[in-house]
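Here is what each chain is made of, one letter per residue.
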Amino acid sequence: VKFVDTLGEMLIPEWEEIATNLGNMRQEKLEELAVSVIDQYDIETTGYKPSIVIARDTRPSGERLKQTLIDGMNLLGTKYIDFGYLTTPQLHYIVKCTNTKGQYGVPTEEGYYIKISKAFS
């Protein structure tokens, strides 16, 4: 499980433990973990409707992990966009494009290839 901050950067290392716990969490314990994280970090949830970008790699565990994440987001009423299979750099790019409302580029896999190809011309 990879968390990316709102500008497509890596999150603070402290969140890696949360990602590990999420990846190893039994489905029936998901709500308990979500409530615990929200309480521990004093995350404001009233009136806040984030949009989450998700994707997975080709590891066999990816589908289960992604479905667990989707179940958690559905539990919390969170809007998400599933991009299927992406590399980590592609995911970072799409997050940044999404959260800069397209100023950084087009938030698609094709947009990533266009942006990267222009970096070498």
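Residues numbered from 1 in each chain as written. Predicted model: local features only at pLDDT ≥ 70, side-chain atom pairs only at ≥ 80, totals over all residues. Heavy atoms only, no water.

**Q** Pulling in residues and values, what's your account of the overall build of the protein?
**A** From N to C terminus, the protein includes 5 helices and 2 strands. Seen in sequence order, the protein has helices and strands lined up from the N terminus as α-α-β-α-β-α-α. Since a compact globule built from 121 residues should have a radius of gyration of about 14 Å, the 15 Å found for the protein is in line with a globular shape. With the C-alpha coordinates aligned to their principal axes, the bounding extent of the protein is approximately 50 × 35 × 25 Å. A burial count over the protein gives 28% of its 121 residues as buried. (Helix = DSSP H or I, 4+ residues; strand = E, 2+ residues; numbered from the N terminus. Rg over C-alpha atoms; globule rule 2.2 N^0.38 Å. Buried < 20%, exposed > 50% of the residue type's maximum accessible area, 1.4 Å probe, protein only.)

**Q** Hey, could you go over the confidence of the model for the protein for me, with residue numbers and the actual values?
**A** Residues of the protein with pLDDT of at least 70 account for 98%, and the chain-wide mean is 86. At the level of individual helices and strands, the protein shows its lowest average pLDDT in helix H1 (residues 14-24), which scores 80, and its highest in helix H5 (residues 109-118), which scores 95. (pLDDT = per-residue confidence, 0-100.)

**Q** Explain the pairing of strand E2 (residues 79-85) to me, using residue names and the numbers behind them.
**A** With 5 bridges connecting them, strand E1 (residues 51-56) and E2 associate as parallel partners. Across the sheet, Ile 52 pairs through a bridge with Tyr 80, a residue of E2. Taken together, E1, helix H3 (residues 62-76) and E2 form a β-α-β motif whose crossover is right-handed. (Pairing = 2+ DSSP bridges. Right-handed = clockwise from strand over helix to strand, strands pointing away.)

**Q** Hey, could you go over the nonpolar core for me, with residue numbers and the actual values?
**A** Residues Val 4, Val 53, Leu 86, Leu 91, Tyr 93, Ile 94, Val 95, Cys 97 and Tyr 112 constitute the largest nonpolar core, which totals 9 residues. Apart from the residues within four sequence positions on either side, Val 95 is in contact with Val 4, Asp 5, Thr 6, Gly 8 and Val 53. (Core = buried A, V, L, I, M, F, W, Y, C linked by side-chain atoms within 4.5 Å. Contact = heavy atoms within 4.5 Å.)

**Q** Could you give me a rundown of the environment of His 92, with the residues and numbers involved?
**A** Residue placement: His 92 occurs in helix H4 (residues 88-99). Residue class for His 92 comes out buried when judged on its relative accessible area of 14%. Between the C-alpha atoms of His 92 and Tyr 112, which are 20 residues apart in sequence, the distance is 9.7 Å.

**Q** I'd love a proper account of the pattern of salt bridges, names of residues and values included.
**A** Under the counting rule described, the total for this entry stands at 5 salt bridges. A salt bridge links Arg 59 to Asp 57; the shortest N-O distance between them is 2.4 Å. Here Asp 82 makes a salt bridge to Lys 66, at a shortest N to O gap of 2.9 Å. On the criterion of sequence distance, the pair formed by Asp 82 in strand E2 and Lys 66 in helix H3 is long-range, its members being 16 residues apart. (Salt bridge = Lys/Arg side-chain N within 4 Å of Asp/Glu carboxyl O.)

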